[in-house]
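Survey of secondary and tertiary structure
Each chain is listed here by its residues.
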Amino acid sequence: MISRLTIRGCGLAGVLLGWRLWQRGVTFRLEGRKDVGASKAAAGLVNPVTGKGMNTSWRLSEFLPEMKAFYGEIGALLGQNYFYEKPVLRIFSDEKERQKFLKKRVQLKPWIAKVHPILPHMKHGQWGGVQWHSGGWLNVRAFVEDSLEFFERECPGFTEPNATVYCEGAKGLQSGPFSFLPQRLAKGQIVEVTVPGWNENAILNRNGWCIPIGGDRYRVGATYEWDDLDDEPSEQGRLELEQRVAQFTDIAFTVVKQVAGVRPIIRTSQPVIGRHPEINDAFVLNGLGSKGCLYGPKVARELVSHLLDNQELDPDLDIKFLMDRRSQPET
């Protein structure tokens, strides 16, 4: 019987797992540095339709309701609001992108709030755009920091764990018992800027994104770097992100913050959970990637149900099925 768990990793994945254990009354402790990892640089963006191909996020209708309910519940418990629902305005870059949307319009209808033939008040808005509903952003840093403080106060300690769950993000994919997992790590940088008087309230999406986070402040991102995998902001990254800001507005802006982190990406950006194939008391929750805010709450609950109730894992998430597929010969 698993009753005393160590969670390795104090980022979003570890905190989500901690909450799911706390909800079940299970004793646990969190280990690891609190000032490193992708969570400190996470934008927290939840966008229902993403990418150049305008594809609906994977299994969105399953993950989205649980995500909203979870952050609402934890926010009420801690007396804070962490998830902010906002419309997402996809601004078409050119006529080709507008035509691509029109061809997929019926397929994307469940997530369409409004179609704009033209956006006269938006910079380069002559091709129009589409507004998605059910988007928003999570204040990841505040959520993680407040959760860790709560666990330090409320969760009793213990001496001997009988299982360890590795939630170490990029670090856990580079070394440790789960470093054998197939990974595509990507460094990402974002900036926070002040744009006085802009008053934009929607999340903007065009070759990048811009999130209004209150007052005159906006969070803009993000870069993808596949070779430079440190977590230090760079001048090149700042310049690229300043160009992203300038594609949305001509109003003068000031960069007030720049952060960087390495995204833990496994397979096609789908999370992985389950038991180590050779170490009986070692489990993993990793690969949340750039959509961890959306996928994390349900994934963490599934792992806890597996640990405590012996519930079968979703084959799309189970590390066992991932390893089975890797061992199959190519045809």
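Just above, that's the structure.
The notes below deal with the structure included here. Please read these numbers as outputs of a predicted model, since none were measured by experiment.

1. Some words on the overall build of the chain
Secondary structure assignment for the chain yields eight helices and 18 strands. For the chain, with 331 residues in total, the buried portion stands at 52%. Summed over all atoms, the accessible surface of the chain reaches about 15500 Å², with 48% contributed by carbon and sulfur. Distance between charge centroids for the chain: 6 Å, based on 42 positive and 39 negative side chains.

2. Points about the sheet that holds strand β1 (residues 4–8)
In sheet architecture, strand pairing relies on hydrogen bonds along the backbone and comes in two forms, parallel and antiparallel. Taken together, five strands build an open sheet; the order of strands is β2-β1-β11-β18-β17 and the sheet is mixed. At either end of the open sheet lies a strand with only one pairing partner, and these are β2 (27–31) and β17 (272–275). Across this sheet, the average inter-strand angle for adjacent strands is 20°, counted without regard to direction. Sheet topology places β1 next to β2; five bridges connect them, and they run parallel. Opposite I7, over in β2, you have L30 as the bridge partner. Sitting on the sheet, helix α1 (residues 12–23) touches β1, β2, β11 (163–166) and β18 (282–286), and the angle it makes with β1 is about 160°. Against the sheet, helix α7 (residues 292–309) contacts β1, β11, β17 and β18, and its axis sits at roughly 165° relative to β18.

3. Thoughts on empty space enclosed by the protein
All chains considered together, the criterion is met by one cavity of 30 Å³ or more. Quantified by volume, the largest cavity comes out at close to 30 Å³. Lining of the largest cavity is provided by Y166, E168, G172, G176, P177, F178, V284 and N286. Its residues assigned to classes, the lining of the largest cavity shows four nonpolar, three polar and one charged.

4. Topic: helix α3 (residues 95–108)
In this model α3 runs 18 Å from its N-terminal to its C-terminal C-alpha over 14 residues, within 8% of the 20 Å that 1.5 Å per residue would give. Of all bends in α3, the biggest is about 35°, found at L102. Along α3, the positions that sit buried rather than exposed are E97, F101, K104 and L108. On the buried face of α3, the contacting elements are β4 (49–50), β5 (55–56), β7 (88–91), β8 (112–116) and β9 (129–132). Capping the start of α3, D94 holds a side-chain oxygen 3.3 Å from the backbone nitrogen of K96, two or three residues further along.

Cut-offs applied
- Counting starts from 1 at the beginning of each chain's written sequence and moves along it residue by residue.
- Only residues with pLDDT of at least 70 get local features here, since the model is predicted, and only at 80 or more are side-chain atom pairs given and counted; chain-wide, interface and lining totals rely on the full set of residues.
- Side-chain descriptors were evaluated using all non-hydrogen atoms of the structure, hydrogens and water having been removed beforehand.
- Runs of E in the DSSP output that reach at least two residues are strands. Runs of H or I that reach at least four are helices, and both are numbered from the N terminus.
- The buried label goes to any residue with under 20% of its type's maximum accessible area, the exposed label to any with over 50%, and the partly exposed label to all in between, with areas taken from a 1.4 Å probe on protein chains only.
- Accessible surface is estimated by sampling points in the Shrake-Rupley manner with a 1.4 Å probe; for residues, cover comes only from the protein chains shown.
- The positive count covers Lys and Arg only, the negative count covers Asp and Glu only, and His and the chain ends enter neither.
- Charge positions come from single atoms, namely NZ of Lys, CZ of Arg, CG of Asp or CD of Glu.
- Pairing between strands requires that DSSP locate at least two bridges from one strand to the other.
- The axes are straight lines fitted to the C-alpha atoms, using for helices just the contacting stretch, and the angles between their N-to-C directions are given from 0 to 180°.
- Should any heavy atoms of two residues lie within 4.5 Å, those residues are considered in contact.
- Grid points spaced at 1 Å over the protein atoms alone were grouped into cavities, where a 1.4 Å probe fits but cannot get out, and pockets, open sets with protein on both sides within 12 Å along at least five of seven lines, with lining residues defined by an atom within 4 Å of a point.
- Grid points are joined across faces, edges and corners, and a volume is the space filled by probe spheres set on the points.
- Throughout this entry, Asp, Glu, Lys and Arg are counted as charged residues, while Ala, Val, Leu, Ile, Met, Phe, Trp, Tyr, Cys and Pro are counted as nonpolar. The remaining residues, Gly among them, count as polar.
- One fewer than the residue count of a helix, multiplied by 1.5 Å, yields its expected span.
- Throughout, bend refers to the angle between the axes fitted to the seven residues that end at a position and the seven residues that start at it.
- Definition of a polar contact: a pair of N or O atoms within 3.5 Å, with one able to donate and the other able to accept a hydrogen when the atoms are protein atoms, and with sequence-neighbouring residues admitted only if both atoms are side-chain atoms.

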